[in-house]
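These are the residues of each chain, in order.
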Amino acid sequence: MSVLVATDLAHTTFPAIHMGALIANARNTSLRLLHVVDFTGDDNAWRVLYETADEIEHHATQEATARLVANYNDAVPENHHRAFSTTVRFGRPADGILEEAADQKPELIVVGTVGQSALQDIFFGRTSNQLVREAHLPVLAVPPTTAVGPIKRILVAADLSVCGDRALATAKQYADLFGASVDVIHAVDVDTNPPLSALVSPIQTRFDELLDARRETLEQHVTKAGLAGTKMHVEVGRPDRVITQAAKNTHADMIIMGTHGRQGFSRWFLGSTAERVLRSAETPTLVVSAPA
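About the thresholds
- Along every chain, residues carry numbers that run from 1 in the direction the sequence is written.
- Given that the model is predicted, a residue must reach a pLDDT of at least 70 before its local features are reported, and side-chain atom pairs must reach 80 or more before they are shown or counted; all residues, however, enter totals for whole chains, interfaces and linings.
- Based on all heavy atoms of the structure, the side-chain values leave hydrogens and waters out of the count.
- The secondary structure listing takes helices from DSSP runs of H or I that are at least 4 residues long and strands from runs of E that are at least 2 residues long, numbered from the N terminus.
- The cut-offs for exposure are 20% and 50% of the maximum accessible area for each residue type, with area from a 1.4 Å probe on protein chains only; residues under the lower value are buried, those over the upper are exposed, and the others partly exposed.
- Only heavy atoms matter for contacts: two residues are in contact if any of them lie within 4.5 Å across the pair.
- The Shrake-Rupley method, run with a 1.4 Å probe, gives the accessible areas here. Residue values count only the displayed protein chains as cover.
- An axis is simply a line fitted to the C-alpha atoms; with a helix, the fit covers only the stretch in contact. Between two such axes, the angle follows the N-to-C directions and lies from 0 to 180 degrees.
- Note that the term roughly parallel is reserved for angles under 35 degrees, roughly antiparallel for angles over 145, roughly perpendicular for angles of 65 to 115, and oblique for everything else.
- Handedness of each helix crossing follows the sense of rotation of the near helix against the far helix: counterclockwise by less than a right angle gives left-handed, clockwise gives right-handed.
- Three classes are used, and their members are as follows: Ala, Val, Leu, Ile, Met, Phe, Trp, Tyr, Cys and Pro are nonpolar, Asp, Glu, Lys and Arg are charged, and the others, Gly among them, are polar.
- In plain words, nonpolar cores are sets of buried Ala, Val, Leu, Ile, Met, Phe, Trp, Tyr and Cys residues tied together by side-chain atoms within 4.5 Å.
- Paired strands, in this sense, are two strands between which DSSP finds at least two bridges.
- Pairs of N or O atoms within 3.5 Å make up the polar contacts considered here, provided that, within protein, one atom can donate a hydrogen while the other can accept it, and that residues adjacent in sequence are counted only when both atoms are side-chain atoms.
- For this analysis, a ring pair means two rings from Phe, Tyr or Trp (six-membered ring only for Trp) whose centres lie within 6.5 Å, classed as stacked if their planes differ by under 30 degrees, edge-to-face if by over 60, and tilted for the remaining angles.
- Two thresholds decide whether a charge sits over a ring: the Lys NZ or Arg CZ must be within 6 Å of the ring centre and within 35 degrees of the ring normal.

> Would you take a moment to explain the overall build of the protein for this structure?
When its secondary structure is counted, the protein shows nine helices and ten strands. Expressed as a percentage of its 292 residues, the buried residues of the protein come to 48%. Put simply, 78% of the contacts in the protein that link residues at least 6 apart link residues at least 24 apart. Within the structure as shown, the protein displays about 14400 Å² of accessible surface, and the carbon and sulfur contribution to it stands at 52%.

> Is there a simple way to think about the packing of helix H5 (residues 127-134) against helix H9 (residues 273-280) in this case?
Packed helices, taken two at a time, are described by the angle between their axes plus the distance between the axes. Contact pair H5 / H9: the axes reach a minimum separation of 10 Å and the direction vectors enclose 155°. With respect to their mutual orientation, H5 and H9 come out roughly antiparallel. Our pair here, H5 against H9, has a crossing hand that is right-handed. Facing Ser 128, Asn 129, Val 132 and Arg 133 of H5, the residues of H9 in contact are Glu 275, Leu 278 and Arg 279. Within the contact of H5 with H9, the residues separate by chemical class into two nonpolar, two polar and three charged.

> Would you take a moment to explain the nonpolar core for this structure?
Leu 140, Ile 154 and Ile 256 are the most contacted members of the largest nonpolar core, which totals 47 residues. Sequence-distant contacts of Leu 140, that is, excluding residues within four places in its chain, are made with Met 19, Ile 23, Leu 108, Ile 109, Val 110, Val 111, Met 254, Pro 284, Thr 285 and Leu 286. In terms of nonpolar packing, the next biggest core, distinct from the first, is built from 31 residues, Leu 4, Ala 141, Ile 243 and Ala 281 among them.

> Would you mind going over unusual backbone geometry with me for this structure?
A negative phi angle is the norm for most residues apart from glycine, just as the trans form is the norm for most peptide bonds. Despite not being glycine, Lys 105 shows a phi value in the positive range, around 50°. Relative to the helices and strands, Lys 105 resides in the loop between helix H3 (93-104) and strand S4 (108-112). Given the relative accessible area of 54%, Lys 105 is considered exposed. The backbone phi angle of Leu 160 is positive, close to 70°, even though this residue is not glycine. By secondary structure assignment, the location of Leu 160 is in the loop between strand S6 (153-157) and helix H6 (162-178). Using a relative accessible area of 22% as the deciding quantity, one classes Leu 160 as partly exposed.

> Teacher, can you tell me more about the sheet that holds strand S8 (residues 231-236) here?
Strand pairing in a sheet relies on backbone hydrogen bonds. The paired strands run either parallel or antiparallel. Spatial strand order, S3-S2-S1-S4-S5-S10-S9-S6-S7-S8: ten strands in an open sheet with mixed pairing. Bordering the open sheet on either side are strand S3 (84-90) and S8, each of which pairs with just one other strand. Direction aside, the axes of adjacent strands within the sheet are offset by 25° on average. Where S4 and strand S5 (residues 139-142) come together, four bridges link them in parallel fashion. Residue Gly 112 lies in a different strand from S5, and its bridge partner there is Val 142. Packing against the sheet, helix H1 (residues 14-27) makes contact with strand S1 (2-6), strand S2 (30-37), S4, S5 and strand S9 (254-259), and its axis sits at approximately 175° to S1.

> Any chance you could explain the environment of Arg 241 here in plain terms?
Along the chain, Arg 241 turns up in helix H8 (residues 239-249). The exposed category is assigned to Arg 241, whose relative accessible area is 53%. For the pair Arg 241 and Ala 281, spaced 40 residues apart in the sequence, the C-alpha separation amounts to 9.1 Å.

> What is the right way to look at the side chain of Thr 87 in this model?
Considering the arrangement of structural elements, one finds Thr 87 in strand S3. Classification of Thr 87 by relative accessible area gives buried; the value is 15%. Here Arg 32 takes part through its side chain, which lies 2.8 Å from a polar atom of the side chain of Thr 87. Beyond its immediate chain neighbours, meaning those up to four positions away, Thr 87 contacts Arg 32, Leu 33, Leu 34, His 35, Leu 68 and Glu 100.

> How should I be thinking about the packing of aromatic side chains in this particular structure?
Aromatic ring pairs are defined here through the distance separating the ring centres and the angle between the ring planes. Counted by the stated rule, this structure contains two aromatic pairs. Geometrically, the ring pair formed by Tyr 174 and Phe 178 is stacked, given 6.3 Å between the ring centres and 20° between the ring planes. Of this pair, Tyr 174 and Phe 178 both sit in helix H6, separated by four residues, roughly a single helical turn. Across from the ring centre of Tyr 174, 5.8 Å away, lies the NZ or CZ of Arg 27, which sits over that ring.

> Just to check I follow, could you spell out H5 for this structure?
A turn of α-helix holds 3.6 residues, and therefore any two residues three or four places apart point the same way. With seven of its eight residues buried, H5 lies for the most part within the structure. Thr 127, Ser 128, Asn 129, Gln 130, Leu 131, Val 132 and Arg 133 are the residues of H5 that are buried. At the exit of H5 stands His 136, carrying a positive phi of roughly 55°.

Right under this line is the structure:
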């Protein structure tokens, strides 16, 4: 098993590289750095005018490998260094990462949350979002402003589903690994519950009963995950906003959450809670996907 860090070689992915090394050290597992050369979107496109296909691949691989090593040395403090390997693939970034993951079967994929293509961000979703939808592996998305350090506080989002339970179990593993404290957040989205006007009088009493029932159910899920005694928060609001605000309030070093993923045409346009959190959170977010 290994930690796979995918980078576009931009300095904005340095925190992702550092976080990958930190986790690989803690888990005592191998670390692999990957760059996918996309000739349609990077500075290698000019090569087709002067070089053969074999020359293009050879030179692009050499240059990307050298930059992967340089980026690692720039991104990771010496006291966090560990042995690592490098891989260079060709094609669309998300596709190349998914192919590498299928071949190597890492336990975790680590990526930055900001890409270099604004057009791709707008119309097709960032690479990190596509990975969350399709990888069926845990994906850790690390914002470029992350100050990487010891993971002391973890916020786990629990939606009382099977995916939420996977997130709780993962939070337990990381809490044990780093000796971190855990807060659990559950959002009650009133848009997905009966309208308040439909509740019999008195409305506030019925709404309080709903919140109490959620707290009771949440405690059962938390206890089952081995996190009994963990501080729990039940908040009303749109889940992604509740989660990102809770991360700020608890000063979390990592958010862990599950996702049900999406299939077909709708996945490109209808953002899930996980994708909204990836777009807005200032905290590294580990998304545990539903199994394939």
